[in-house]
Each structure stands twice: as C-alpha cells, then as structure tokens.
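Take a look at the letters that make up each chain.
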Amino acid sequence: MIAGNPDFLFTSLSFWWFMAVVLAGFSLLYRYRTARNRFLLLCSLFFYFETAGAAVFMLLASIFLNYGCGWLIDKSRREREPAIAKFFLIIGIILNLSLLSYFKYADFLNRLVYEWIPAWPGTDEGLFGDLPFLNTIVLPVGISFFTFQALSYLVDLYRRQVPYCRNLFDFALYLSFFPQLVAGPIVRARDFLPQLQRHYQLSTKEFSFALFMVLCGLVKKIAIADWIAQWVNPVFENTTLYTGFEHWMATYGYALQIYCDFSGYTDIAIGLAACLGFTLPVNFRSPYKADSFTDFWHRWHITLSTWFRDYVYIPLGGNRHGVWCMMVALLVSMTLCGIWHGAAVNFLFWGLLHGLFLCFEKLTGLDGHPQKRWTRVLKTLVYFHLICLSWVIFRTESLEAAADWYLGLCQTTPVETIGAVIGHYKTVFAIMAVGFALHFLPAAAQEAVKTTFARAPWFIKGLVCLLIGVLLIVSHSTVPQPFIYFSF
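The notes below deal with the structure included here. (Residues numbered from 1 in each chain as written. Predicted model: local features only at pLDDT ≥ 70, side-chain atom pairs only at ≥ 80, totals over all residues. Heavy atoms only, no water.)

## Examining unusual backbone geometry
Counted only if it meets this: Strands are runs of DSSP state E lasting at least two residues, helices are runs of H or I lasting at least four, and both sets are numbered from the N terminus onward. Accessible area is worked out with a 1.4 Å probe on protein chains only. A residue is then buried under 20% of its type maximum, exposed over 50%, and partly exposed in between.
Phi angles above zero are rare outside glycine, and Arg80 is one such case at about 55 degrees. Relative to the helices and strands, Arg80 resides in the loop between α3 (56–78) and α4 (82–116). Under the relative-accessibility criterion, Arg80 is labelled exposed at 76%. The phi dihedral of Arg160 is positive, around 65 degrees, even though this residue is not glycine.

Here it is as structure tokens:
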C-alpha cells in the first residue's frame, strides 16, 4: 500500500494554488537567504504532509537520523579517528537501508517465504506468520528518493567530497525540497547545499526556460501519458481480450507513457526549482535514441544510474579489476536497481536482465557508437524494440503475466482487424505518433524550439501558455493518474 494523495499532484489545481502561495511568500523573502530557506522548508514539509499524510514523520526521522550521523562522522574526522568515522558511516547506512527495507520489502519477503518455505506444522502461515505489522505497511511516497539522497550525503561526507552541513534547517531542506521530493531527480548534497548560500537571481531568459520546462512537463504528463494510460492500462490488465496487434501497440504505448510520465514530472520539478533559484540535474536525454543498453542508462533516469555507478558499481571494483569483477559489479548494481523500483520478482528480473545485456555489450564491444549514420539508425531501431519489450516485465505484475504478454505478441492479426483497431483507437495512436515524433526530434531542433520560446515577446509566450492550457483542459483525464514513479 502506498501513502499518497492524488488530489495534490503537479497536475492538480490544488497544487497550483499551493504553488501560487509559495511564489507569493517567496517574492517577499527571496532577498533574505535565511528567511527564504526556512520558508521553503516549511512549504516542503507542508507539501509532503498533503501528499503523504503521517509519513511526514518518517521524513523528519530521516532528517534527524542523517544529520546526527553526519555530525558524528565529521566529529570523528576532525579528531583524526577514521575507524570511528567509518563505523558511524556503516551505522548510518544500515539504519537508512533498514527503514527503507522495512517499509518497502518486509511484506514482500514475508510473502516470498510463505510461497517458498512450507508452513509451520499445524498452521497455514509462512515463516513469519500472519503478522499485522507486516500486512498493514504503508509505503511512504518518495522514501526511495530521499533515502538515496541521505545515503549519498553520508558517503560523500566520509569521502570528504562534501563539507559537513552544520545547519539542521539547511540539511532538512536538502532532503525535503518539494519540487523533487517524491519522484526525483536524485540530488547530491554537493550540488544542492551550496545553492542555499547563493543570493537569488533569475534572469528573464532563465525564467522563460523554467516556464518552458513546466509547460513541456504538463503536456507530457496530461496530454500524452495520461491519455495513453486510459487505453494501455486496460490492455495490460485484460491480456486475453486483445489481439496481437493491440499487444504490440500497447507495448509501444507503455514505453511512451512511462517516459512522458516520469520525464514530465522531472521537467516540472526542474522548472519549479529554477523559479525558486535552484538548479536541479538533468534526468533524461531522449532515452529511446539510445543505440545500446549502456547508452540507454546514460539517458534514462540519469541521477539514479549515476548513483548506482558511484555508490555500488565503483566500490565493487567497477572495471578496474578485470572482466569478471566488472561483470559481477554490473549484475549486482543493475539487480539492486531493479529491486529499488519495487518489491516484486519481476522488478528483480528486469534489473538482472538489463545487467546481463550490459555485460554482453561490454564483452562484445556493442556498447560503442557506430561510425556510419545508417548503421546507428538501424542499431537504435533494434535497441528501441529490445527496451520496449523489457518494459513488459516492468509493467506486468508477475513473470507469468509477462510470459503471457509475450505469447500475445506472437498472435497473428488479420489485416481487416488491424484496420478496425486503428480506426477505433485513432486518437490514441495519433497521440502516440506525435509523442514519438517529438521524442525523436534532433537535439538541435529541440534546443531551437526552447530558445525560440525564450526569445519570443511576452504576449506570444502568454498566447502559447493559453493554448497549452486549453489543450490540457480538453485532454485532461477524468480519473486522476498518479505519477508512475510515486510507487518507487
């Protein structure tokens, strides 16, 4: 079960009323760094309370826990006691992972044991039994994101890559900054904390870019992802009722849905943060243009892939100790990446599958970029389909359901049926075509559109905002669609 309030999403009117209040208060305090930061902290805690309810106490516990561990690590460092500093680092890591594991994986592990280990003699229960504290767990929204941010702070502090944050309120804002709190991007302390000490400045060009990012995110989420979801979700939930052609189209549709959903959230987060004077890291770079799985992970959820690179892959040896060490590090990193997304066997298998693909590419040299353009286009097309097919494991609820889906893809569909399906779902397929066309635009063309918007007169920008607003109202789903990554 996930603790979340669908009435306080970036796509809800209540959130934008909240954002109007934030901007109004911010406009009075932005000249005063301390007051500005305290105000943003209060707004962030209120946002999380509205989004996750009582889980705000979990966030506060994480703030105090990691601030205390950071203080102990820094104190041990200053007293030249590296062994004690390492001890407190390990304690911090264990406590963070224990909290994350309990809320995210305890019930899953109990169910797994129940299925794999015979019940106790004379009972129908698994190894841990039918324990109320396992069966009633509510997963706090965003716990994976702020836990990973806390872990990166402790490790970087121990490595002397970030100074100790002496101000508890600044550290609390780092972990709770509301634009990216519940679904990323994952921000490093060394990138965020120095921004708290800067004087606020936002040029007209920077504001235009921020507005452009927010508009792009809303269009991706409401006009593309949510609209596609109304068709894709029923197909995945009732596999046997649909043809092979519909299976293929839903496979492509989900690939576009999850990209527009997650990157849409990230775009909005980056735009809102920029309006408040903060720069968040880029999290997506047209991932379906990738010509290898290695390239895909350089483009998809970049802050997560670099987190696993820096805190799991490299500490395990990376590529410094031979091929076998590299392969083990890749497999472990990607399997953990899969489990990070959810407590289910299919997520574990999805991560392991990506790890195997990455190992294969490293061994064969397929992770390199082809010199000839047509070769790269062909390779991109092949990998696009491999990535789309791997999303099936991610989307379905079990490996058995994924296997049934793949069998459905093998069904032949008569030409006249294909025509009827296209005619019946022409709006959805048209949106998918537009979505993929925009995604595959050359980077230079995408940047040109962004720059043109920034340079346009304000009445043109206002007209564009009005037109997009009308589009969003017309295309808005009758049923609120939560962001997919709220579940992780």
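## Focus: the environment of Phe39
For clarity, the threshold we go by: We call two residues in contact when some of their heavy atoms are within 4.5 Å.
Among the structural elements, Phe39 can be located in helix α2 (residues 33–52). Apart from the residues lying within four places of it in its own chain, the contact partners of Phe39 are Val21, Val22, Gly25, Phe26 and Leu29.

## Comments concerning empty space enclosed by the protein
A water-sized probe, rolled over the atoms, reveals where empty space remains. Counted only if it meets this: The definitions used throughout rest on a 1 Å grid laid over the protein atoms alone, on which a cavity is an enclosed set of points accommodating a 1.4 Å probe that cannot get out and a pocket is an open set flanked by protein within 12 Å on both sides along at least five of seven lines; lining residues are those having an atom within 4 Å of a point. Grid points are joined across faces, edges and corners, and a volume is the space filled by probe spheres set on the points. Residues are sorted three ways: Asp, Glu, Lys and Arg are charged, Ala, Val, Leu, Ile, Met, Phe, Trp, Tyr, Cys and Pro are nonpolar, and all the rest, Gly among them, are polar.
Throughout the structure, instances matching the rule amount to one cavity of 30 Å³ or more. For the largest cavity, the calculated volume is near 30 Å³. Taken together, Arg36, Gln195, Arg198, His199, Tyr200, Leu276, Gly277 and Phe278 form the lining of the largest cavity. Considered class by class, the residues forming the lining of the largest cavity number three nonpolar, three polar and two charged.

## Section: the nonpolar core
In summary, soluble globular proteins display a tendency toward joint burial of nonpolar side chains. Here is the rule we go by: Put simply, buried Ala, Val, Leu, Ile, Met, Phe, Trp, Tyr and Cys residues joined by side-chain atoms within 4.5 Å make one nonpolar core.
Ranked by size, the top nonpolar core spans 146 residues in total, and within it Tyr153, Tyr288, Trp300, Trp391 and Tyr485 carry the most contacts. For this core, the leading source of residues is helix α10 (residues 244–275), giving 17 residues. Among residues more than four places away in sequence, those in contact with Trp391 are Tyr254, Ala255, Ile258, Tyr288, Phe296, Trp300 and Trp350.

## A look at the packing of helix α13 (residues 323–341) against helix α14 (residues 345–364)
The following threshold applies: Axis geometry follows a simple rule: fit a line to the C-alpha atoms, using only the stretch in contact for helices, then measure angles between N-to-C directions, giving values from 0 to 180 degrees. With respect to orientation, any angle under 35 degrees is reported as roughly parallel, any angle over 145 as roughly antiparallel, any angle of 65 to 115 as roughly perpendicular, and every other angle as oblique. Left-handed describes a crossing whose near helix is turned anticlockwise from the far helix through less than a right angle; right-handed describes the clockwise counterpart.
Interaxial distance between α13 and α14 falls to 7 Å at its minimum, and their mutual angle equals 150 degrees. For the element pair α13 / α14, the angle class is roughly antiparallel. The chirality of how α13 crosses α14 is right-handed. Along the contact surface, α13 presents Val323, Met326, Met327, Leu330, Leu331, Met334, Thr335, Gly338, Ile339 and His341, while α14 presents Phe347, Leu348, Trp350, Gly351, Leu352, His354, Gly355, Leu356, Leu358, Cys359, Lys362 and Leu363. Its residues placed into classes, the contact of α13 with α14 shows 15 nonpolar, six polar and one charged.

## Some details on the packing of aromatic side chains
Condition: To pair, rings of Phe, Tyr and Trp, with the six-membered ring standing in for Trp, must have centres within 6.5 Å; the planes then decide the type, stacked if under 30 degrees apart, edge-to-face if over 60, and tilted in the middle. The rule for a charge over a ring is simple: NZ of Lys or CZ of Arg within 6 Å of the ring centre, and within 35 degrees of the ring normal.
Per the stated rule, a full pass over the model turns up 62 aromatic pairs. Arranged with centres 5.8 Å apart and planes meeting at 50 degrees, the rings of Phe15 and Phe18 form a pair that is tilted. Taken together, the residues Phe15 and Phe18, both in helix α1 (residues 13–29) and three residues apart, mark about one turn of the helix. This pair shows no difference in class: Phe15 is buried, exactly as Phe18 is. Seen in terms of ring centroids, Tyr254 and Trp391 are 6.5 Å apart; in terms of plane orientation they differ by 80 degrees. Their pairing is edge-to-face. Linking Tyr254 in helix α10 with Trp391 in helix α15 (residues 373–395), this pair joins segments that are 137 residues apart in sequence. Overall, Trp391 belongs to the buried group, its relative accessible area being 1%. Of note, Lys104 hangs over the ring of Trp340, and the distance from its end group to the ring centre comes to 5.1 Å.

## Overview of the packing of helix α9 (residues 204–237) against α10
Close contact between α9 and α10 brings their axes to 6 Å; oriented N to C, the two are set at 155 degrees. By the angle class used here, α9 and α10 are roughly antiparallel. Where α9 crosses over α10, the handedness of that crossing is left-handed. Of the residues that constitute the contact of α9 with α10, the class distribution is 25 nonpolar, seven polar and six charged.

## A word on α13
Formally: By definition here, a helix of n residues has an expected span of 1.5 Å times n minus one.
Along its 19 residues, α13 runs 27 Å from first to last C-alpha, staying within 8% of the 27 Å computed at 1.5 Å per residue. Among the residues making up α13, those that are buried are Cys325, Met326, Met327, Ala329, Leu330, Ser333, Met334, Thr335, Cys337, Gly338, Trp340 and His341.

## Structural notes on the environment of Ile393
Its location among the elements puts Ile393 in helix α15. Given a relative accessible area of 4%, Ile393 falls into the buried group. For the pair Ile393 and Gly351, spaced 42 residues apart in sequence, the C-alpha to C-alpha distance is 9.8 Å. Setting aside residues no more than four positions away along its own chain, Ile393 makes contact with Asn346, Phe349, Trp350, Leu353, Leu399, Ala402 and Tyr406.

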